[in-house]
Amino acid sequence: MLKHRLNLQHPGENVFCSMLKLKQKAIGIVEHAEPNLSVIGLFGTLGYPVYYLLWSYLYPQPYENLALRLLCAFICLPWLLYRELPRWGKELFPVYFFLSLFIVMPYFFSFMMLKNEWSLIWAMSFMAGTFLLTLFIFDWVIILTMTGLGFLSAYATVLFLDGRVSFAYFIPEYIPIFLFSIAGGIIANHKRQLAHQSKISLLRSLSGSIAHEMRNPLSSITNAMSTVQSIIPNKPAGHETEVKFDLSYSGLVNIHDVIDESMATIRRGNKIIDSLLATLQDGAMDTNNFKRLSAKNVIHSAITSFGYSDTNDRKLVQENSSVSFDFFGDKDIFIYVLFNLLKNALHYRNKPGFNIIVTSEKGHQFNTIRVRDNGPGVPAGKREKIFDRFYTYGKSGGNGLGLSFCRRVIESFGGTITCDSQEGHWTEFIIRLPVYTSKTVEELKKDILKQKKILIVDDQISNRMLLQKYTSEWNCQSDQAENGQQALEMLSKKRYDLVFMDFEMPALDGDLAVKRLRSALNIEPSLAPHYMQVPVIGITALTLADALPRATRCGMNDVLSKPVRRADIKKVFERHFFSEATQATMEQEECLSGCRILLVDDNETSRKFMSMILEHYGCLTGQAENGEVALERLELQDYDLIIMDMEMPVMNGLQAAREIRKGDRFRRFRKFDTIPIIAITGNTDTENIARSKAAGMNHHIGKPVFRDELISVITAWLTSRNDPDSLGQNEIRKVPEEKNFWETIAGEKILDRSIISSLIETGGNELVTSILRLYINDTQEILERLGSAVSSGDIKSVDMLIHTLKGSSGSCGANRLYILTRYINESTRKGRWPGNDRWLAVLWQTFNDTSGAIKTMLENNVIDG
């Protein structure tokens, strides 16, 4: 009995529920009509009176009713003023609109048609009014109900007023026409409403997807803020206004790291949202953030950072990516692809024994990532269709965008994604990505580099032409400047993505120009933040020991030795455009891995800090607390590089460096005169730098030591030590025996035809001919000035002239003269004269051989070949 009572509803409750549903329908009708409500209201308010004039005077009808028309116009007035209604008016408006629409549409047109005895004009008007009604209301039941009740109400009104209803002009053919009009309007509106509902559903699903994708970054930011709170002191109370709080150096660094990571997280979230919206609009994928990525690292990052709804879900995902490879793409977007595949698979996590396995495989042309689950599988006929936009299979609530977006992403990487499955057993998504060194990836890079603008700054036209040639091979746009001053003027007005800057030029040296650029002096404010970060690559004929400190002080990112080669440009683009900014480049990782580095510092914390950084990159480190212990460590163990503090007890850094270079303390250790020694010092003034160089140290780093600078400097010195073509090699190798060098120089080839050919490809025969002739004239003038400087004993001027000649010879392909001047420059830069008394005569002879070879080449038109 009680159960029966509980299920029994009062009749009043049924009425209330029906009224509530009707109100919801009315609200839906208003939402549907709202965009055009003001236009509809204007048409009704003006249209009813205007048509009275039309049917009364221009085309007179048997019956017209001005009062009824004015009433309908008045009823439409709130439609026109809907946006101006007060809040309570808008709340009541759906019901009002529903009732008023009944009066001004089916009732009015039925009444006027019946009063005019079914005349053709009013039969057509009734049909038009009914069709308009189907455009306002999307529910066919309401349309038919309202039309039927409107006709019956009008019929009753006419019968009441006239005592009869006349069908004088009625013809049976009206009925199928009316039915066709109503049915056609309902069908057309139904399709429009379905499209509208699909759009609403899509937007809701999309908003759900975006909300889901934002959970991970928001969670990361929340955790980051908690980390900051654990580092900083507690929030002071109101009365503690005078209390001072201390924050350690490491604490401050950690706070900045947290902030940087949080900002990166926000950027990743925005990028994913932008990509999803671009997919909806058929926009192209943004390739500007494509980098060289490690498949193993990205897969691990995706699996560990995925927003699992339950901690047990993480245990269902197995990572089997021990085989790693590099690929080209956007890390954040690719992680989203893996998120999507994981999310789809986890839909079936309640199946007994369910798991997901992610594996990676290396191939010759394509590498493969597989995401496999043992869910219900996908039928063969649907395995390709699931990648179509707006198509979903196997689950409800989706928007059909996920897998289509995944395919767009993978195809933008130059790869493919397919689905394989066995129904009832498993589903596997197979991602194939082109090998990083493939032609496909190179073309992707060239396509990205089309958008890059590069500024080449050098006072020698041959250098500028070479760089323009090499950069244009990668589709880059480039401009040229002849000195630092001109470069700053161009940089202040235009945005460049990379700058090649010569060190020594007239008007303004390159390193001074870069220093001004980094300080944003006279730079357009909108460009200033960009130029604080833009890569600037120094190009120079200086030795590495001279160039690197200057590059570090002014803010250059890298240094290339003249003459610049194609491979150098490729490495620059790889490092500064296609490597992740927050990680060491692959070149650095390969260089550092397995290297032995001796850390010499009396501060144990400093040694541990540097050791932690270096071991992270695969280095093997040894430690010594002073110079004396360092000498003992070197005798016991071979090292590739030494990092040494300048100020230490027992034996300081300068003393230790001198002892190492002398080699008297060693019996076993043989690299005492070549091993790079990096000084760590709190004093970076000119005097201290000179003292460290005089003691035999190769480079110096100012305190505090920062990770990126430390890694860059070590990599540069280890690379130069292992690269026989590097100019930096001159700093750490033994100078060849004088006699041996002067005997072998004549055997070097006079011209480097590959450099000359590159100049021809860039500037053409005529321009290159003029450059080579100008080079001969300039070189003769430099040699004459050298003679004067030698006569007066001005070693400084000799060094400057030899340096200039070295740079121009390398740029123009004068190979033998370049090798000779490079060798002589090793002595003159240290303030010493070359060991051979006939060096100037050999220089003249080499120049004569070079000018003769160039003239022969020009006269015989060999340059055309």
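In what follows, the structure referred to is the one given above.
What you are looking at is a predicted structure, and each value in this text was computed from that prediction instead of being measured.

Draft legend 1. Quick look at the overall build of the protein. Across its full length, the protein carries 32 helices and 17 strands. Within the protein, the fraction of its 865 residues that count as buried is 48%. When contacts within the protein are restricted to residue pairs at least 6 apart in sequence, long-range pairs at least 24 apart make up 71% of them.

Draft legend 2. Spatial organisation of a nonpolar patch on the surface. A grouping of Leu42, Phe43, Leu46, Val50 and Tyr51 is seen on the molecular surface, where their side chains present a nonpolar patch of about 500 Å² in accessible area. Here leucine 42 falls in the partly exposed class, since its relative accessible area comes to 41%.

Draft legend 3. How the structure looks around the nonpolar core. Counting residues in hydrophobic clusters, the biggest one holds 104 residues, and the most contacted among them are Phe334, Ile431, Phe500, Phe573 and Leu843. With 13 residues, the single largest contributor to this core is helix H29 (residues 753–791). Beyond its immediate stretch of four places on either side in the chain, leucine 843 contacts Leu783, Leu786, Ile802, Leu817, Leu820, Thr821 and Ile824. By size, the runner-up hydrophobic cluster in this structure holds 53 residues, among which are Ala481, Ala513, Ile523 and Leu641.

Draft legend 4. Molecular detail of the environment of arginine 707. If you trace the backbone, arginine 707 turns up in helix H26 (residues 707–722). Placed 98 residues apart in sequence, arginine 707 and phenylalanine 609 show a C-alpha to C-alpha distance of 9.5 Å.

Draft legend 5. Looking closely at the packing of aromatic side chains. On inspection of all chains with the given rule, the structure shows 34 aromatic pairs. Their ring planes at 50 degrees and their centres at 4.8 Å tell us that tyrosine 82 and phenylalanine 93 sit as a pair that is tilted. Taken together, the positions of tyrosine 82 in the loop between helix H4 (66–80) and helix H5 (87–115) and phenylalanine 93 in helix H5 put the pair 11 residues apart, joining distant regions of the chain. For the pair tyrosine 82 and phenylalanine 93, a shared accessibility class is recorded, and that class is buried. With 6.2 Å between their ring centres and 85 degrees between their planes, phenylalanine 387 and phenylalanine 429 make a pair best called edge-to-face. Separated by 42 residues along the polypeptide, phenylalanine 387 in the loop between strand S5 (366–373) and helix H13 (402–412) and phenylalanine 429 in strand S7 (residues 426–434) bring together distant segments of the chain. In this structure, phenylalanine 387 and phenylalanine 429 share a single accessibility class: buried. Among the aromatic residues, those joined into a ring-pair cluster are Phe290, Phe327, Phe328, Phe334, Phe413, Tyr436, Trp474, Phe573, Phe577 and Phe578.

Draft legend 6. Just the sheet that holds strand S9 (residues 477–481), in detail. One open sheet accounts for 5 strands, arranged S9-S8-S10-S11-S12; its pairing is parallel. With one partner strand each, in any of the chains shown, S9 and strand S12 (558–561) form the two edges of the open sheet. Direction aside, neighbouring strands of the sheet carry axes that sit 20 degrees apart on average. Where strand S11 (residues 536–540) and S12 come together, 4 bridges link them in parallel fashion. Paired with threonine 540 across the bridge in S12 is serine 561. Along the sheet, helix H16 (residues 484–491) makes contact with strand S8 (453–457), S9 and strand S10 (498–502), crossing S9 at roughly 135 degrees.

Draft legend 7. A look at the packing of helix H30 (residues 795–812) against helix H31 (residues 815–828). Where H30 contacts H31, the axes come no closer than 9 Å and their chain directions differ by 150 degrees. By the criterion of interaxial angle, the relationship of H30 to H31 is roughly antiparallel. The element H30 and its partner H31 pack so that their crossing is left-handed. When H30 is examined against H31, the residues Ile795, Val798, Asp799, Ile802, His803, Leu805, Lys806, Ser809 and Gly810 are found in contact with a partner set consisting of Leu817, Tyr818, Thr821, Arg822, Ile824, Asn825 and Thr828. When the residues that make up the contact of H30 with H31 are grouped by side-chain class, the tally is 7 nonpolar, 6 polar and 3 charged.

Reading guide: rules and limits
Residue positions within a chain follow its written sequence, with the count starting from 1. Reporting of local features is limited, given that this is a predicted model, to residues whose pLDDT is at least 70; pairs of side-chain atoms are given and counted only at 80 or more, and all residues count toward the totals for whole chains, interfaces and linings. The side-chain values count all of the structure's non-hydrogen atoms but skip hydrogen atoms and water molecules. Here a helix means four or more residues in a row that DSSP labels H or I, a strand means two or more in a row labelled E, and each is numbered from the N terminus. We call a residue buried when its accessible area falls under 20% of the maximum for its residue type, exposed when it is over 50%, and partly exposed in between, using a 1.4 Å probe and counting protein chains only. Contact criterion: two residues are considered in contact whenever any of their non-hydrogen atoms come within 4.5 Å of each other. Only residues above 30% relative accessible area that lack a salt bridge enter a patch, with like-charged residues linked at up to 9 Å and the nonpolar side chains Val, Leu, Ile, Met, Phe, Trp and Tyr linked at up to 5 Å. Where accessible areas are quoted, they stem from the Shrake-Rupley method and a 1.4 Å probe; at the residue level, only the protein chains shown are allowed to cover. What counts as a salt bridge is simple: a side-chain nitrogen of Lys or Arg found within 4 Å of a carboxyl oxygen of Asp or Glu. For our purposes a nonpolar core is just a set of buried Ala, Val, Leu, Ile, Met, Phe, Trp, Tyr and Cys residues, chained together by side-chain atoms within 4.5 Å. Pairing of aromatic side chains requires ring centres within 6.5 Å, counting the rings of Phe and Tyr and the six-membered ring of Trp. Pairs whose planes differ by under 30 degrees are stacked, by over 60 edge-to-face, and all others tilted. A pair of strands counts as paired when DSSP detects no fewer than two bridges linking them. Here an angle of 0 to 180 degrees is reported between the N-to-C directions of two axes, which are lines fitted to C-alpha atoms, with helices fitted over the stretch in contact. Orientation is classified from the angle alone, with under 35 degrees giving roughly parallel, over 145 giving roughly antiparallel, 65 to 115 giving roughly perpendicular, and any other angle giving oblique. Helix crossings get a hand from a simple test, with the near helix turned counterclockwise from the far one by less than a right angle marking a left-handed crossing and a clockwise turn marking a right-handed one. Think of it as three bins: nonpolar holds Ala, Val, Leu, Ile, Met, Phe, Trp, Tyr, Cys and Pro, charged holds Asp, Glu, Lys and Arg, and polar takes everything else, Gly as well.

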